[in-house]
Amino acid sequence: AALGSPTYQDGPYGKWEVRIKIPHTEFHNNTWGFNAFEWDMNEEWNSPLNRLHPGIGFNLHYGPFRGVFGPHSLSDTTPVFRSSAAHFSLINNPGRLIINGFPYSIQLLDSAGDTCLYPTGPVTPVGLWPYSIAHSHDSFTFYYERNANNTTDSITWSVNTDSYGKWRIFSAPYKIFGSDTMKFWKSYQPTSVFITYDHANHQKSFSCFWDSSLNATGDTGRIYMSDTMAPGDRHTFTEHYQYTVDEGYADYQGPSFAFDGDDTAQSSYRYHTFTMELLPHEARFLMDSNVVYRIPDRMVPTSSPYYDRASQIMRSIPYIELNNMDIDYTTSDPMGTNDSIAWLIPIIHGTDTTIDTGYVSVTYGERHYFETHPHNPGFWPVTIGDITYPAAHVRIDYFKVWDMTTEHKIAPFPN
């Protein structure tokens with residue numbers, strides 16, 4: 001049967017494509033863009049040569065709720081946004097407001113008797129709401145994204161020993177509403193707590209995570225700290241402690257797709273085309289015109305907040321990075337000199353058996369691979385001054401953007 005007219009007459013409304021050659025070495029590679037959200041078309045991280053990773057990232061959305069604009073006070077007519085339905089607070093601290101699909105970076109103003117939102121950068125110009133909504137007397141439906149950083153009320157926390165006698169079992173509520181004590185749970189767990197840990201009132205951040213074995217008897221809210229406290233440290237204290245929560249920017253990792261980056265034949269250094277198509281309710285990633293990943297992902301349950309991220313993408317002006325080419329960074333080894341080995345795994349290729357070595361420092365592993373494989377595809381020397389260096393090269397043939405409106409112009413690429 002003949003197809004009907006497209007649901008969206010100008011779809012796809014976003015499509016961009018790059019044709020590049022990627023050198024065959026261990027490094028961080030990515031063609032990507034960002035602003036209100038991030039998209040990655042061919043990311044390669046932490047050294048694997050034979051897999052590339054597409055995906056979309058932004059914080060989880062909460063809502064819908066209703067809210068209204070109005071003056072900050074009788075003496076201050078600065079427009080602010082208020083909503084009692086969302087229960088904004090320092091443990092429900094919004095970082096971005098979404099109205100009619102447009103994102104606004106915001107700051108929570110929480111004072112006696114009033115809670116309101118004020119616009120800030122970088123997505124929204126500082127101090128500005130669109131006049132049409134800021135001076136409207138109607139209420140608006142909105143969603144919001146939370147900040148990952150939270151501050152509790154004045155609450156008493158405690159740390160106890162685990163089965164090995166180590167001080168690392170953290171226990172505390174994060175909010176008390178009258179007789180209702182809110183405790184951490186699997187669905188809402190901190191990734192770190194920032195507490196006053198010693199009797200000299202020094203503060204420190206402790207990485208932590210939920211452990212079901214600590215909470216098998218019910219809603220106890222116990223958290224396992226990755227780092228231990230010393231026996232002489234403060235093991236209980238009452239304060240406004242801080243904690244961070246993973247707000248889902250990149251929680252769901254989509255499937256990777258195969259790439260020939262571990263092929264050492266010079267002929268394998270060839271152009272590949274990477275494309276992203278963005279429609280109102282779907283995003284597609286392609287390599288050499290073949291779809292390698294689509295959102296919604298049919299392997300993800302429809303009840304998951306990561307099922308249909310394409311429909312939640314916000315409208316904003318993006319920054320486009322044609323290609324990132326860098327060595328992954330290990331904080332403790334910035335120059336890549338730590339050759340300590342973390343693990344050895346035998347890898348069997350047909351009848352050949354080799355050893356796959358994992359280094360403690362990713363920076364060292366990638367630098368070492370680069371320096372010992374100067375003849376891999378995509379390598380040829382570069383002379384700077386009087387010194388000739390081995391070099392890996394990314395070559396960009398073209399970059400295209402489709403379906404731009406007539407009032408938008410893209411400046412020529414300078415090189």
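The written sequence of each chain sets the order in which its residues are numbered from 1. Reporting of local features is limited, given that this is a predicted model, to residues whose pLDDT is at least 70; pairs of side-chain atoms are given and counted only at 80 or more, and all residues count toward the totals for whole chains, interfaces and linings. Each side-chain value is worked out from all heavy atoms of the structure, with water and hydrogens disregarded.

Novice: Help me understand the overall build of the chain, please; the structure alone is not making it clear to me.
Specialist: Runs of H or I in DSSP of at least four residues are treated as helices and runs of E of at least two as strands, each being numbered from the N terminus. Scanning the chain from terminus to terminus reveals two helices and 30 strands. Per-residue and other accessible areas were derived by the Shrake-Rupley procedure at a 1.4 Å probe size, with only the shown protein chains allowed to occlude residues. Looking at the chain as shown, the accessible area adds up to about 23000 Å², and 53% of this sits on carbon and sulfur atoms.

Novice: Which parts of the structure should I look at to understand the sheet that holds strand E23 (residues 282–287)?
Specialist: Sheet strands associate in pairs through backbone hydrogen bonding, adopting either a parallel or an antiparallel arrangement. Strands qualify as paired when DSSP identifies two bridges or more between them. Pairing in this open sheet of five strands is antiparallel, and the strands run E24-E23-E22-E1-E30 from one edge to the other. Pairing within the sheet leaves two strands with one partner each, and these edge strands are strand E24 (290–295) and strand E30 (395–402). Averaged over neighbouring strand pairs, the angle between their axes works out to 15 degrees when direction is ignored. Of the strand pairs in this sheet, strand E22 (residues 272–279) and E23 are connected by six bridges, and their pairing is antiparallel. When the bridges of E23 are listed, glutamate 277 appears paired with arginine 284. Only C-alpha atoms enter the line fits that serve as axes; for helices the fit covers just the stretch in contact. Angles between N-to-C directions range over 0 to 180 degrees.

Novice: Could you clarify how one ought to interpret the pairing of strand E16 (residues 190–196) in this entry?
Specialist: Side chains on a regular strand alternate between the two faces of the sheet. Counting buried positions along E16 yields five of seven residues, so the element is predominantly enclosed. When E16 meets strand E20 (residues 242–245), the two strands line up antiparallel, connected through four bridges. Bridging across to E20, phenylalanine 194 finds its partner in glutamine 242. In this structure, E16 lies alongside strand E17 (residues 203–210), joined through five bridges in antiparallel fashion. By the bridge assignment for E17, valine 193 is matched with phenylalanine 206. Connecting E16 to the antiparallel partner E17 that follows it, the hairpin turn spans six residues, and asparagine 201 within it adopts a positive phi of roughly 65 degrees. Only protein chains enter the accessibility calculation, which uses a 1.4 Å probe; a residue is then buried when its area is under 20% of its type maximum, exposed when over 50%, and partly exposed in between.

Novice: What should I look at first to understand the nonpolar core in this one?
Specialist: The nonpolar side chains of a soluble globular protein tend to be buried, and buried together. Judged by nonpolar contacts, the single largest core of 26 residues is most densely connected at Ile56, Phe274 and Met276. For this core, the secondary-structure elements that each account for two or more residues are strand E1 (14–21), strand E3 (38–43), strand E4 (51–57), E22, E23 and E24. The contact criterion used is simple: two residues touch if any of their non-hydrogen atoms lie within 4.5 Å. Here phenylalanine 274 is in contact with Trp16, Glu17, Val18, Ile20, Ile22, Met41, Asn42, Leu52, Phe257, Leu286 and Met287, once residues within four sequence places are set aside. In this structure, Ile155, Tyr174, Tyr188 and Trp210 belong to the second largest nonpolar core, which totals 20 residues. What we call a nonpolar core is a set of buried Ala, Val, Leu, Ile, Met, Phe, Trp, Tyr and Cys residues that are connected through their side-chain atoms within 4.5 Å.

Novice: I would appreciate a short explanation of the environment of threonine 330 in the present structure.
Specialist: Mapping threonine 330 onto the fold places it in the loop between strand E25 (319–326) and strand E26 (341–349). A relative accessible area of 14% places threonine 330 in the buried class. Note: C-alpha distance between threonine 330 and valine 362 (32 residues apart in sequence) is 6.0 Å. With residues near it in sequence (within four places) discarded, threonine 330 still touches Ser361, Val362 and Thr363. Polar contacts involving the side chain of threonine 330 include one to the main-chain amide nitrogen of valine 362, which spans 3.0 Å. Nitrogen and oxygen atoms within 3.5 Å of one another constitute a polar contact, given that in protein one can donate a hydrogen and the other can accept it, and given that sequence-neighbouring residues count only through two side-chain atoms.

Novice: Mind showing me how you'd approach the pattern of salt bridges here?
Specialist: When their charged atoms lie close together, side chains carrying opposite charge are able to pair. By definition, a salt bridge exists where a carboxyl oxygen of Asp or Glu is found within 4 Å of a side-chain nitrogen of Lys or Arg. The final tally for this structure, using the stated rule, is nine salt bridges. For the salt bridge of aspartate 260 with arginine 270, the shortest nitrogen-to-oxygen distance reads 3.0 Å. Separated by ten residues along the polypeptide, aspartate 260 in the loop between strand E21 (257–258) and E22 and arginine 270 in the loop between E21 and E22 bring together distant segments of the chain. Looking at arginine 270, the relative accessible area reads 40%, which means it is partly exposed. Among the ionic pairs, arginine 367 bridges to glutamate 371, the shortest N-O distance being 2.9 Å. Taken together, the residues span about one helical turn, with arginine 367 and glutamate 371 both in helix H2 (residues 362–372) at a distance of four residues. The structure contains a network of salt bridges with shared partners spanning Lys15, Glu277, Glu282, Arg284 and Arg294.

Novice: Honestly, the confidence of the model for the chain in this entry has me stumped. Any pointers?
Specialist: Close inspection of predicted coordinates is inappropriate in any region flagged by low pLDDT. Residue-level confidence of the predictor is what pLDDT reports, using numbers from 0 through 100. Put simply, the chain has an average pLDDT of 86, and 88% of its residues get 70 or more. Note that residues 1–12 has pLDDT below 50 and, in this model, seven contacts with residues that lie over four places away or in other chains.

Novice: I tried to follow unusual backbone geometry on my own but got confused; where do I start?
Specialist: Across the junction of glycine 63 and proline 64, the peptide omega takes the value 5 degrees, indicating a cis bond. Within the secondary structure, proline 64 sits in strand E5 (residues 62–71). Of note in this structure, histidine 87 is not a glycine but carries a positive phi near 55 degrees. Here histidine 87 lies in the loop between strand E6 (79–82) and strand E7 (94–99). Look at serine 289: it is not a glycine, yet its phi comes out positive at around 70 degrees. Tracing the backbone through its elements, the reader meets serine 289 in the loop between E23 and E24.

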